Amino acid sequence: MKDRLKWILGILVAAFLLLTPFLFSDFINYLVATLLINMLFATATWAIFHQAGQALFAIAVIGGISGYISAMLNETISNNWVTMAIGVAASCGVGMFFYVVAARVRGHIQFATVNLAFIFVFRYFLVAFTNVTKGIDGIKVKYFTPESFFSTIPHRYWVVLLITVGSLALIYWIMKSRFGKIITLIGRNTDLAASVGINTRKYLIYSYLIFPPFIGLAGVLYSHFLGFISPDTWNPDLSLIMIFCSLIGGSTMFVGPIVGAIIATGIPLYFDVTAEFRFGIVGILAILIFVFKPEGVAGLLGRLFHSTAPKIERKGAAG
Amino acid sequence: MGNFLLEMQDLTVMRGDVLVLRDIDLNIKRGEAVALIGPNGAGKTTLFETVMGIHKVVKGDIRIEGSSIRGMGTERISRRISMIPQEFATFPFLTVLENLWISKNSSRRKAMTDEIFQIFPALQEKINQEASTLSGGQRQMLALGMGLARKCDILLLDEPTLGLSPLMTQRILNSIKEISDRFKLSVLISEQTPLVLNISDRVYVLEGGQIRIQGASQELKKDERIRKVYLGMAV
Amino acid sequence: MVYDIMITALSLAGIYFLISFGVTLLYGVGGFPNLAIGPIGLTGAYVTCSALRANLNVGVCLFLGLGTAVLVGVLIQKFVVEPLFNSLGGGDRGRIFVIYGTFGLCLLFPAILQNVFKTTMMNVRLPSLGIYKILHTSITGYQLLSIGIALALFVVPHFIFTRTKGGTKVRGVTQNAFLSRLIGVNVLRIYTVTAGIAAATAYIGAILWGEIFSLELGSGTMFTLYGFMISVMGGLGSIYGALLVSIILGLSTSATSFLIGGVFEHIITTLILILVLIFAPRGLIPTKREV
């Protein structure tokens, strides 16, 4: 019965999303598309950050590199589906680079600090090499090929919808599979995983190969959907917001980052709040929620619909 | 009854949602050595930590010489009661001397260090070495010395012989007896070894958060139940 | 020219050390990774700048700024850091939540500061402390001050931590907080005082930075980042390590900006961070912490 309800709900949502361009203005369309990309970004972040337990704060760098590679290659290679693919592939490489750093630098705080240094520097890097990346103000990016067809927002919207929903489904499938369950165990309790004979190294390498491409995908989607890419987008705040999406929405469930993305990015986007306040609001929300309701908004909602509440492991309870 | 130095009445303690100690009645007279035995998880450590003001008392009272210390902060309680925890009872990267130095309760009279070194001569040799370089037995001696340095009249010792060899266990227990007699201290010592009954006057058995049995050590030493269930000895 | 580089390097090292001192101290004593330390210092500096613009007495301005920073620092320690740390039973999980929470504050502060002070950039206009001739070149009073304060901040704690009973007790707290509590040390009070000192040094660092460069809303996050990078490179919680790294970074930044040009200094710094961590993952002078 509950499953049927979920299916019906799912179909309704899908129908709604498909018909959005007909129901609403271009502005709303644009918002929903951006929101969808954010959801993808947040979910991929959730997978590697909260599930696999990797303090990969530099996700903004991964997205940024893919976005920029695709945007720049597009100048010479006219078909940007190709350049996007290259950008996504590049994010694998970047992911592996971070794996190597993580393996060498022992300790979450050390790794987190290196990551933060990277994002911080990324911006300066982009600005410094002004010739290639056209510097501070950003560069114009072509819309999806063929550009004439995709110059309208609804068409681009559908592409984004298709790709993000498909990717989310893929991530869901991955996390539900044996691989995903092992990754989650490694993230929760690495020693336990190792002691039951799991080759944690192998699985971590796979995570760094599998999840960054989704982040890279979000990056290329951003640039080719918006038609613009600049160094300002890829900053520490972005990484943090994506990480917080999972905390706000609930870090133990797949829908957590999705719900979190809606709250953390959707609402401020809609109300067109200034950048500082947007981040500030996310900051407060995140703190409030994980102090008072660690299971997140999705967890709360889940408890309303189901009888069994999602379980959160809390260390330090009695004994 | 004003002749108890330390007294617990109906003591009930919760940790999180779990009831850990229930209706504990326990008392220690001045100069007495009392043993607390029971299986792992019975609540011995929680009991000690509650007395030191670390856990919240849900019901009941704890009194020193008749005055309640319920709700008092650890800082104040530590001036009357000295607790030596089960593990990590020393500062690993401070020297033996530094460990003793900062344990000293400066409001009382000075250097007891000489007396401590008399009881534990091995410590004097290692006086400038870091505590982590000491052997298990020596570290336990240091912990006892630190407890002594506080100049309290009540000592709580949480499984002081845990992990020590049989010879070391006997030595430590003997030292405890010597300390208790010499300085007229009241000692509450939790243990799993039957040897503790040789140095204590009375014994309480704690299981599942409640006091099951209590009495004089000499009598309970011969009790079959105690021997079999709590001390794991062949009857 | 070499002397110019050296002087700049030393004064930069001093400021870097000041900024990282708070991070190092707070992590060393309590194991709290407080990422909001930068914005805390910045807030104090903003208060001082505003007061200076209102032409109040210099001493008063400094006092107000310092007081604000310490107050905010202590409040955050008590109401954000400690609750978050304890809510998950402490240890590494508690630490990660402290990182989230204080980083959230890093996001929050610029918004608040902008609203309160109605400006993005601030110039520190303190009275000149003069320029002195030294070694074929000159050095400003503030550069001297940054070197002097950093030195004092290194020598004095060393003395306190090794020779005094109170300092040794604090060392005890870093090694075994529970035992410290049992022997009557007021551990919470020590954390509060530490947070206050960390805030004060962050404030001084921010003011000096503002005097030599300038301050803007994003400076808080930058201070935090540099503070953590230096701290991690030196060995989290190691004051000697932080000093060594500050000197190295001071030299590299100074040399880069004189020889190549300012834009690359951050990149070089990050490169050094990576190199150091690759060859010395626990930092240059690792501390021993008993969690």
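Residues numbered from 1 in each chain as written. Chains lettered and ligands numbered in written order. Predicted model: local features only at pLDDT ≥ 70, side-chain atom pairs only at ≥ 80, totals over all residues. Heavy atoms only, no water.

Caption draft 1: Geometry of the overall build of chain B. The secondary structure content of chain B amounts to 10 helices and 10 strands. Computed over the C-alpha atoms, the radius of gyration of chain B is 17 Å, within 12% of the 18 Å expected from 2.2 N^0.38 for a compact globule of 235 residues. Overall, the C-alpha framework of chain B stretches about 45 × 45 × 35 Å when taken along its three principal axes. Each of the 235 residues in chain B was classed as buried or not, and the buried ones make up 55%. Considering only intrachain contacts with a sequence separation of at least 6, the fraction spanning at least 24 residues in chain B is 68%. Surface exposure of chain B reaches about 10,400 Å², of which carbon and sulfur atoms provide 48%. (Helix = DSSP H or I, 4+ residues; strand = E, 2+ residues; numbered from the N terminus. Rg over C-alpha atoms; globule rule 2.2 N^0.38 Å. Buried < 20%, exposed > 50% of the residue type's maximum accessible area, 1.4 Å probe, protein only. Contact = heavy atoms within 4.5 Å. Areas by Shrake-Rupley, 256 points an atom, 1.4 Å probe, with all protein chains shown as cover.)

Caption draft 2: Representation of the nonpolar core. The biggest cluster of nonpolar side chains holds 224 residues, and the ones touching the most others in it are A:Phe41, A:Phe57, B:Ile176, C:Ile76 and C:Leu215. Ranked by the residues each element gives to this core, the list is headed by helix α2 (residues 26-51) of chain A, at 14 residues. With sequence-adjacent residues up to four places away left out, C:Leu215 is seen in contact with C:Leu42, C:Ala45, C:Tyr46, C:Thr120, C:Met121, C:Met122, C:Val124, C:Ala206, C:Trp209, C:Gly210 and C:Phe223. With 32 residues, the next largest nonpolar core counts B:Leu21, B:Ile24, B:Ile154 and C:Leu182 among its residues. (Core = buried A, V, L, I, M, F, W, Y, C linked by side-chain atoms within 4.5 Å.)

Caption draft 3: View of the side chain of A:His224. Residue and element names in this part refer to chain A. Tracing the backbone shows histidine 224 in helix α10 (residues 200-226). What makes histidine 224 buried here is its relative accessible area of 0%. A polar contact is formed between the side chain of histidine 224 and the side chain of serine 70, at a distance of 2.6 Å. Once you skip the residues sitting within four places of it in the chain, histidine 224 turns out to touch Ser70, Ala71, Asn74, Asn80, Thr83, Met84, Val141, Lys142, Tyr143, Phe144 and Arg156. (Polar contact = N/O pair within 3.5 Å; in protein donor to acceptor, adjacent residues only side chain to side chain.)

Caption draft 4: Structural view of a positive patch on the surface. All names here are of chain A. On the surface, Lys2, Lys6, Lys176 and Lys181 cluster together into a patch of positive charge. By secondary structure assignment, the location of lysine 2 is in helix α1 (residues 2-23). For lysine 2, a relative accessible area of 49% gives the class partly exposed. (Patch = residues over 30% accessible without salt bridge, like charges linked within 9 Å, V, L, I, M, F, W, Y side chains within 5 Å. Salt bridge = Lys/Arg side-chain N within 4 Å of Asp/Glu carboxyl O. Lys, Arg positive; Asp, Glu negative; His and termini not counted. Charge placed at Lys NZ, Arg CZ, Asp CG, Glu CD.)

Caption draft 5: Structural view of the side chain of B:Glu49. Among the secondary structure elements, B:Glu49 is positioned in helix α1 (residues 44-51). B:Arg15 is the oppositely charged side chain nearest to the buried, salt-bridge-free B:Glu49, at an N-O distance of 4.3 Å. At a separation of 2.7 Å, a polar atom in the side chain of B:Glu49 contacts the side chain of B:His55. The contact partners of B:Glu49, leaving out residues within four places of it in the chain, are B:Arg15, B:Ile54, B:His55, B:Met83 and C:Phe178.

Caption draft 6: Expanded view of the packing of helix α6 (residues 136-149) of chain B against helix α7 (residues 166-183) of chain B. All names here are of chain B. The geometry of α6 relative to α7 is characterised by a closest axis approach of 11 Å and an angle of 15° between their N-to-C directions. Viewed along their axes, α6 and α7 adopt a mutual orientation that is roughly parallel. The element α6 and its partner α7 pack so that their crossing is right-handed. Judged by residue contacts, Gly137, Gln140, Met141, Leu144 and Leu148 of α6 engage Met168, Ile172, Ile176, Ile179 and Phe183 from α7. For the contact of α6 with α7, the class distribution of residues is eight nonpolar, two polar and no charged. (Axes fitted to C-alpha atoms, helices over the stretch in contact; angles between N-to-C directions. Parallel < 35°, antiparallel > 145°, perpendicular 65-115°, else oblique. Left-handed = near helix turned anticlockwise from the far one by under 90°. Nonpolar A, V, L, I, M, F, W, Y, C, P; charged D, E, K, R; others polar.)

Caption draft 7: Spotlight on the packing of helix α11 (residues 236-249) of chain A against helix α4 (residues 91-117) of chain C. The geometry of α11(A) relative to α4(C) is characterised by a closest axis approach of 11 Å and an angle of 125° between their N-to-C directions. Overall, the two elements α11(A) and α4(C) adopt an arrangement that is oblique. Considering how the two elements wind past one another, α11(A) and α4(C) form a crossing that is left-handed. The residues of α4(C) that touch α11(A), namely those facing A:Asp237, A:Leu240, A:Ile243, A:Phe244 and A:Leu247, are C:Phe97, C:Tyr100, C:Phe103, C:Gly104 and C:Leu107. For the contact of α11(A) with α4(C), a count of residues per class yields eight nonpolar, one polar and one charged.

Caption draft 8: Focus on helix α3 (residues 58-87) of chain C. Residue and element names in this part refer to chain C. With 30 residues, α3 extends 42 Å between its outermost C-alpha atoms, agreeing within 8% with the 44 Å of an ideal straight helix rising 1.5 Å per residue. Most pronounced at glutamine 77, the bend in α3 amounts to some 40°. Looking at α3, one finds that the buried residues are Cys61, Gly65, Ala69, Val72, Gly73, Ile76, Gln77, Val80, Val81, Glu82, Leu84 and Phe85. Of the residues flanking the start of α3, the one acting as N-cap is asparagine 57, its side-chain oxygen 2.7 Å from the backbone nitrogen of glycine 59. (Expected span 1.5 Å × (residues − 1). Bend = angle between axes of the 7 residues up to and from the residue.)

Caption draft 9: Seen up close, the pairing of strand β2 (residues 18-29) of chain B. Residues and elements named next belong to chain B. With eight bridges connecting them, strand β1 (residues 4-15) and β2 associate as antiparallel partners. Residue pairing in the sheet places phenylalanine 4 in a bridge with lysine 29 of β2. Here β1 folds back onto β2 in antiparallel fashion, the turn holding two residues, of which glycine 16 has a positive phi close to 70°. (Pairing = 2+ DSSP bridges.)

Caption draft 10: Main features of the packing of aromatic side chains. By the definition in use, this model includes 26 aromatic pairs over all chains. Considering the side-chain rings of A:Phe49 and A:Phe57, the 5.3 Å spacing of their centres and the 85° angle between planes classify their relative orientation as edge-to-face. Taking the relative accessible area as the measure of exposure, A:Phe57 reaches 4% and is therefore buried. An angle of 85° between the planes, with centres 5.5 Å apart, marks the rings of A:Phe97 and A:Phe118 as edge-to-face. Of this pair, A:Phe97 sits in helix α4 (residues 80-104) while A:Phe118 sits in helix α5 (residues 108-128), and the two are 21 residues apart along the sequence. Linked through ring pairs, C:Tyr16, C:Trp209, C:Phe213, C:Phe223 and C:Tyr226 together constitute an aromatic cluster. (Phe/Tyr/Trp six-rings, centres within 6.5 Å; stacked < 30°, edge-to-face > 60°.)

Caption draft 11: Here's a closer look at the environment of C:Thr68. Residue and element names in this part refer to chain C. Within the secondary structure, threonine 68 sits in helix α3. As for threonine 68 and alanine 242, which are separated by 174 residues in sequence, their C-alpha atoms are 26 Å apart. Apart from the residues within four sequence positions on either side, threonine 68 is in contact with Thr43, Gly44 and Val47. Of the polar contacts made by the side chain of threonine 68, one reaches the backbone oxygen of leucine 64; its length is 2.6 Å.

Caption draft 12: Summary view of the confidence of the model for chain A. Residue and element names in this part refer to chain A. Predicted confidence across chain A gives a mean pLDDT of 81, with 84% of residues reaching 70 or more. Mean pLDDT across the elements of chain A bottoms out in helix α6 (residues 130-133) (63) and peaks in α10 (91). A low-confidence stretch, residues 307-319 stays under pLDDT 50, and its non-local contacts, those more than four residues away or across chains, total 17 contacts. (pLDDT = per-residue confidence, 0-100.)

Caption draft 13: Spatial organisation of the sheet that holds strand β8 (residues 186-191) of chain B. Residue and element names in this part refer to chain B. Pairing is mixed in the open sheet, where six strands are placed in the order β6-β7-β8-β3-β9-β10. On the outer flanks of this sheet lie β6 (81-84) and β10 (210-216), each paired with one strand and no other. Within the sheet, the average angular offset between the axes of one strand and its neighbour, ignoring direction, is 15°. Contacts from α7 reach β3 (33-37), β7 (154-158) and β8 within the one sheet, and its direction differs from that of β8 by about 160°.

Caption draft 14: Structural view of the pairing of β3(B). Residue and element names in this part refer to chain B. β3 sits mainly inside the fold: five of its five residues count as buried. Burial of the side chains of β3 extends over both faces: Ala33, Ala35 and Ile37 are buried on one face and Val34 and Leu36 on the other. By the bridge criterion, five bridges tie β3 to β8 in an arrangement that is parallel. Each residue of the ladder has a partner; that of valine 34, found in β8, is leucine 188. Bridge count between β3 and strand β9 (residues 202-207): four bridges; the pairing is parallel. Bridge pairing in β9 links leucine 36 to tyrosine 204.

Caption draft 15: The confidence of the model for chain B, seen in detail. Across chain B, the average pLDDT comes to 87, with 93% of residues at 70 or higher. Both confidence scores are given for the complex: pTM 0.82, ipTM 0.89.

Caption draft 16: Broad picture of unusual backbone geometry. Residue and element names in this part refer to chain B. Phi is positive for lysine 151, which is not a glycine, with a value near 60°. Position of lysine 151 among the secondary structure elements: in the loop between α6 and β7. Classification of lysine 151 as buried rests on a relative accessible area of 12%.

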